[in-house]
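Breakdown of the fold
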2 protein chains.
Amino acid sequence: MTHPALDQLKARLQELQSYAGAAAVLRWDQETYMPPRGVEARARQLATLARLMHQRFTEPVVGEWLQQLEEEALPQWDPDGDDARLVRLVRYEYDRAVKVPTEWVTAFARLTTEAREAWKDARALADFSRFQPYLERLVAMVREYAHFFEPFDHIYDPLLERFERGMKTAQVEALFAPLRERQPALLRRILERPQVDDAFLHRYYDPERQLAFVHRMVADIGFDFARGRIDLSTHPFTTSFSVHDVRFTVRYKTDDLSEVLTGALHEMGHALYEQGIDPKFDGLPLAEGASLGVHESQSRFWENIIGRSLAFWKHFLPALRQVFPENLADVTPEAFYKAVNRVQPGFIRVEADEVTYNLHILLRFELEVALLSDDLKVADLPAAWNEKMQAYLGLTPPNDAQGVLQDIHWSQGYFGYFPTYTLGNLISAQLWNAMQTDLGDPYALVEKGDFGPILDWLREKVHRHGAKFEPQELVRRVTGSDIQAEPYLDYLEAKYSQVYGLN
Amino acid sequence: MTHPALDQLKARLQELQSYAGAAAVLRWDQETYMPPRGVEARARQLATLARLMHQRFTEPVVGEWLQQLEEEALPQWDPDGDDARLVRLVRYEYDRAVKVPTEWVTAFARLTTEAREAWKDARALADFSRFQPYLERLVAMVREYAHFFEPFDHIYDPLLERFERGMKTAQVEALFAPLRERQPALLRRILERPQVDDAFLHRYYDPERQLAFVHRMVADIGFDFARGRIDLSTHPFTTSFSVHDVRFTVRYKTDDLSEVLTGALHEMGHALYEQGIDPKFDGLPLAEGASLGVHESQSRFWENIIGRSLAFWKHFLPALRQVFPENLADVTPEAFYKAVNRVQPGFIRVEADEVTYNLHILLRFELEVALLSDDLKVADLPAAWNEKMQAYLGLTPPNDAQGVLQDIHWSQGYFGYFPTYTLGNLISAQLWNAMQTDLGDPYALVEKGDFGPILDWLREKVHRHGAKFEPQELVRRVTGSDIQAEPYLDYLEAKYSQVYGLN
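What counts, and where the lines are drawn
Residues numbered from 1 in each chain as written. Chains lettered and ligands numbered in written order. Predicted model: local features only at pLDDT ≥ 70, side-chain atom pairs only at ≥ 80, totals over all residues. Helix = DSSP H or I, 4+ residues; strand = E, 2+ residues; numbered from the N terminus. Rg over C-alpha atoms; globule rule 2.2 N^0.38 Å. Buried ≥ 20, exposed ≤ 12 C-beta atoms within 10 Å, placed from the backbone. Contact = placed C-beta atoms within 7 Å. Nonpolar A, V, L, I, M, F, W, Y, C, P; charged D, E, K, R; others polar. Core = buried A, V, L, I, M, F, W, Y, C linked by C-beta atoms within 7 Å. Domains from an automatic or database assignment. Axes fitted to C-alpha atoms, helices over the stretch in contact; angles between N-to-C directions. Parallel < 35°, antiparallel > 145°, perpendicular 65-115°, else oblique. Left-handed = near helix turned anticlockwise from the far one by under 90°. Expected span 1.5 Å × (residues − 1). pLDDT = per-residue confidence, 0-100. Pairing = 2+ DSSP bridges. Least-squares fit on C-alpha atoms with pLDDT ≥ 70 in both. Arc of directions from axis to C-beta.

Regarding the overall build of chain A
If you tally the helices and strands in chain A, you get 21 helices and three strands. For a compact globule of 503 residues, the expected C-alpha radius of gyration is about 23 Å, and chain A comes in at 23 Å, within 12% of that figure. Principal axes of the C-alpha set define a box for chain A whose edges measure 65 × 50 × 45 Å. Counting over 503 residues, chain A shows a buried share of 43%. Restricting the contact set of chain A to residue pairs at least 6 apart, pairs at least 24 apart contribute 72%.

Written out as structure tokens, the structure is:
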């Protein structure tokens, strides 16, 4: 299983991984500790590293190594072996990278840096017109990007592919169709019922005690603090610099305890995935998640299926009550469970409950496809946004800051990214069903605080493989079927029938 | 003042500066926040960046740009202009860099990584034999390094040059000779006097309140938190990622208030230097201190000449007393001043007072010169150390952890570094004298908390120039004379005559 070109390729990949890890540290620092005036030098450092990585990866010699391996080694190798899969993955990424001219990469990096600042101002002032010219240029550049990958079935396909390898627009359309029917129907039934009480979540919660509890909770579940840490940031995220250095961030609100709890469980889900990748892949592109969708399945699994379950709060509420006796002495696990599952349509995606979350994604997906297909002008985007908000959620944002300007993604050129959130939701339910088949009643384990078998199952089935398998292949290997919408919808309807006492 | 080669050179230097800044972030993170298991990947990332920087800097095209500029541009340029000085500095660094083979750089990086771990173990176990084989290899490699720079007057010269541009061993010998006489004499006189009382510094001091006071103190003096921050680390240090992102670290002891105070003032001195460099140099090698000695003059100036003055505590003690009324209600500025200037020979350099500090450096300098000149075997080093400790300080370390193993420097291959600490002390007193000539009585300003004129003077005379001038040239420009020992010795004798009531 050795070949001189394999050693050379791996050395180059490890070099690139060192730059990528360094860049990730720089981005982590930017979001957590960097003083305000550090931003300019940081942008220079990151742009220099990005250019270096693109240059070193797209050098023709990398293509020559791949070709040698494909001709001389792959035919003899086990096609599911690590090295064979590595070569396939690198070939895939190399062919995509060389299609994109360095000039486009550089210009796009410059545009997104400017657009991010313009978006920040526009959002702060709730003034879409300040962002519009940048968004127009972004859409134009993203369309240009898509055309590097001609021929395609749909112009949105190459964008989706950036974040979800192998996924097509037509598949997303087919998966999202049943959500478009059943989730609004579920929402309507819930809104007819009396609202659950979550007032106790909105008492004053001391930040230090919130953070101390979160550290304890994620350590109990299995997050390894010798190989990771938690910091604060405005927007929670997870990052890794190696499989042995995986960090996530949280934020808290003193008047909303659920913010830190659900945020920490979400990011912990991402972080457990990264910590669970087989260390033998460290330093190679295999040491990543299979896709954003599969990554999100892990965060949503821990945040929602485990972290918003009755069993979870039967286990953790006593400890939480000890930390905040003044607020929670009279709260039962059942009341806590209902409160963290309160359904309430709102303007903001990141604050959405499980029942409305995918509706926010549907809206963005449809608008992105319309923009890319030239069926919608950027100038008409705010009106289209508000129309869809009314149709899906029965709400009209009071201003664009609460509407079309709320997400950072477009300012960063991330078109094709949003659908992966919903794919993650769908996959999480499929994994949950498969886990139940193997483990019986995982909630019985959760109620005892015995998270080991659950985490071990995820590590064995999903985490350890990293990016070795394509995302849809991985889902098939673990669940025996393609990505489907029905398991998630069934899970939602069953759970919220319980929470809201639907018939 | 433009030339195509200048633009190309600057672009390359800015690229290199981006890598250097990224590497500095990685090292900062390693000392402050990195989880324990992150160390392996971090070493890989830093080694990859180091190799990249050496390769990109020593490419022949850099030498060609320099030659073009020297032939075609320098003769027309103002020799003291920024660009002329930049070309001179880069030529100096380039000629040094190309003399060192990449294989030596790589092997040395590997050896120092291993040696650092061996040194840690050896120090923890107070067992020199665990470090000895590494130190032997280090001395051999450092001697090899020196020989890349033949011919030289003294084998120690090229090592000194790594940290103090233009400084020769013979000069250091000449500067250190009067210290060797007058500092032990001063110490003997002090030890005959009654000891000052510093018991109140050793009451219990709450860490959070210590850190809050330190933040306020350095902000009042002029450290800019929009362009920097303070973190905790085991060994305090200062680093910068640009002139707009300068960070330092502190450590505290709950039973020794002086630890955080003097440590913060010391590192703040380094940090003010970095924050004071002219922003037009940002991204170029001019945006660094002139040398380690000049850098240390800034840290020692703020730590000792200002921070251990009576005027300083007349100003700051009332605020500090408000933070720790339970410990300091009955302490006068005079008593505080005496306590922070308590002289007590000890084993550990970093805990040494002003009167004994240089004696620790003399010892190390003499041992380094003996090792490099092959007058001393590594195996005989612990005995030689203890002999000199007895001669200079009248003490014999109880074990090698308190003796020859106390400093990290040799494990990192930093031979030639220690003298810069003492050079910094000497320069700090010369700057103080020059400042007095210009500002009258700076202590009158300090007593009022009016640090502006003092910081402005340092910025104007020293900080803004960065590495534009050679260190000895800079000292001459500011003080009108070469580096001298007498001003520092006079300062010491005057101050400690006051503190200890000597005749």
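Re the interface of chain A and chain B
With 30 residues of chain A in contact, the opposing surface of chain B contributes 30 residues. Of all the secondary structure elements, the ones that give two or more residues to the side of chain A that touches chain B are α1 (4–32), α2 (39–58), β1 (228–232) and β2 (238–242) of chain A. Counting residues per element, the side of chain A that touches chain B draws most heavily on α1 of chain A, which supplies seven residues. Here the residues of the side of chain A that touches chain B are counted per class, giving twelve nonpolar, nine polar and nine charged.

Describing the nonpolar core
Most often, soluble globular proteins have nonpolar side chains that are buried together. Among the nonpolar cores identified, the biggest contains 260 residues, and Ala22, Met268 and Leu426 of chain A together with Ala22, Met268 and Leu426 of chain B are the most heavily contacted of them. Two domains each donate at least three residues to this core, and these are domain 1 (4–99) and domain 2 (199–347 + 420–500) of chain B. With residues up to four places along the chain from it excluded, the contact list for Leu426 of chain B reads Leu175, Ile483, Gln484, Ala485 and Tyr488 of chain B.

A look at the packing of helix α9 (residues 207–221) of chain A against helix α10 (residues 257–275) of chain A
Packed helices, taken two at a time, are described by the angle their axes make and the gap between the axes. Residues and elements named next belong to chain A. Orientation of α9 relative to α10, taken along the N-to-C sense of each, is 30°, at an axis distance of 10 Å. With respect to their mutual orientation, α9 and α10 come out roughly parallel. Like other packed secondary-structure pairs, α9 and α10 cross with a definite hand, here right-handed. Residues Gln210, Val214, Val218 and Ile221 of α9 form the contact with α10, whose participating residues are Leu257, Val260, Ala264 and Met268. Considered class by class, the residues forming the contact of α9 with α10 number seven nonpolar, one polar and no charged.

Quick look at the packing of helix α12 (residues 310–323) of chain B against helix α14 (residues 333–340) of chain B
Residues and elements named next belong to chain B. Look at α12 against α14: their axes get within 9 Å of each other, and the N-to-C directions meet at 125°. One finds that α12 runs oblique with respect to α14. In terms of crossing hand, the pair formed by α12 and α14 is right-handed. Facing Leu310, Trp313, Lys314 and Leu317 of α12, the residues of α14 in contact are Pro333, Glu334, Phe336 and Tyr337.

Some thoughts on helix α5 (residues 102–125) of chain B
Note on helix geometry: an α-helix contains 3.6 residues per turn, so any two residues three or four positions apart are oriented the same way. Residues and elements named next belong to chain B. In a regular helix each residue adds 1.5 Å, so 24 residues correspond to 34 Å; α5 covers 35 Å between its end C-alpha atoms and thus fits that length. Listed as buried for α5 are Phe108, Ala115, Trp119, Ala122 and Arg123. Contact partners of the buried residues in α5: α6 (132–147). Positive phi shows up at Ala126, right after α5, with a value of about 50°.

Observations regarding the confidence of the model for chain A
On average, chain A scores 96 in pLDDT, and the residues at 70 or more come to 100%. Our summary of model confidence lists the complex with pTM equal to 0.93 and ipTM equal to 0.92.

Digging into the environment of Phe248 of chain B
Residue and element names in this part refer to chain B. Mapped onto the elements of the fold, Phe248 is located in strand β3 (residues 245–250). Distance in space between the C-alpha atoms of Phe248 and Ile230 is 5.1 Å, their sequence separation being 18 residues. Apart from residues no more than four positions distant in its own chain, Phe248 is found in contact with Ile230, Pro236, Phe237, Thr238, Glu267, Met268, His270 and Ala271.

What to know about the sheet that holds strand β2 (residues 238–242) of chain B
Residue and element names in this part refer to chain B. Spatially, three strands are ordered β1-β3-β2 in an open sheet, and the strand pairing comes out mixed. Each having just a single partner strand, β1 (228–232) and β2 make up the two edges of the open sheet. Shown here is a sheet whose adjacent strand axes are inclined to one another by a mean of 20°, direction ignored. Note that β2 and β3 share four bridges and pair antiparallel. Within the sheet, the bridge partner assigned to Thr238 lies in β3 and is Phe248. Across the sheet, helix α10 (residues 257–275) lies against β1, β2 and β3, angled at about 165° from β3, the strand it touches most.

Observations regarding the relation of the copies chain A and chain B
Between chain A and chain B, the superposition needs a rotation of 180° and an axial shift of 0.0 Å, giving an RMSD of 0.0 Å. Interpreted geometrically, this transformation is the action of a two-fold axis. Residue Ala22 of chain A, judged by its C-alpha, is the member of chain A lying nearest the rotation axis, at 3.4 Å.

Section: the pairing of β2 of chain A
Of all five residues in β2 of chain A, five are buried, a share of seventy percent or more. Where β2 of chain A folds back on strand β3 (residues 245–250) of chain A, the antiparallel hairpin that results is connected by two residues.

With respect to unusual backbone geometry
Omega for the bond connecting Glu150 of chain A with Pro151 of chain A falls within 30 degrees of zero, at -5°, which places this linkage in the cis form. Structurally, Pro151 of chain A is set in the loop between α6 (132–147) and α7 (157–163). Phi is positive for Ala126 of chain B, close to 50°, though the residue is something other than glycine. Mapped onto the secondary structure, Ala126 of chain B falls in the loop between α5 and α6. Of note in this structure, Asp374 of chain B is not a glycine but carries a positive phi near 65°.

Comments concerning the sheet that holds β2 of chain A
Residue and element names in this part refer to chain A. Spatial ordering of the open sheet is given by β1-β3-β2, a layout of three strands whose pairing is mixed. Unpaired on one side and paired on the other, β1 and β2 mark the two borders of the sheet. The mean inter-strand angle of the sheet, taken between neighbouring strand axes irrespective of direction, is 20°.

Topic: the pairing of β3 of chain A
Residue and element names in this part refer to chain A. Counting buried positions over the six residues of β3 gives six, a clear majority of the element. Residues Asp245, Arg247 and Thr249 line one face of β3 and the alternating positions Val246, Phe248 and Val250 line the opposite face, and both faces are buried. In this sheet, β3 lies alongside β1 in parallel orientation, the contact comprising five bridges. Looking at β3, one finds that Asp231 is bridged to Thr249.

Considering α9 of chain A
Residues and elements named next belong to chain A. Taking 1.5 Å per residue, 15 residues should reach 21 Å; α9 reaches 21 Å between its end C-alpha atoms and fits that length. Of the residues making up α9, those classed as buried are Gln210, Phe213, Met217, Val218 and Ile221. Within α9, the buried residues cover an arc of 125° as seen down the axis, which keeps them to one side. The exposed residues of α9 that point more than 90 degrees off its buried face are Glu208, Arg209, Ala212 and Ala219. Positioned one or two residues after α9, Gly222 has a phi angle of 140°, which is positive.

Describing the environment of Asp450 of chain A
On the secondary structure map, Asp450 of chain A appears in the loop between α18 (442–448) and α19 (452–461). In this structure, the C-alpha to C-alpha distance between Asp450 of chain A and Leu310 of chain A, residues 140 residues apart in sequence, is 15 Å.

Here's the deal with the environment of Phe225 of chain B
Examined against the element boundaries, Phe225 of chain B turns out to sit in the loop between α9 (207–221) and β1. Phe225 of chain B gets classed as partly exposed once you count the C-beta atoms within 10 Å, which come to 13. In this structure, the C-alpha to C-alpha distance between Phe225 of chain B and His409 of chain B, residues 184 residues apart in sequence, is 30 Å. Leaving out residues up to four positions away in the same chain, Phe225 of chain B has contacts with Pro35 of chain A together with Ala219 of chain B.

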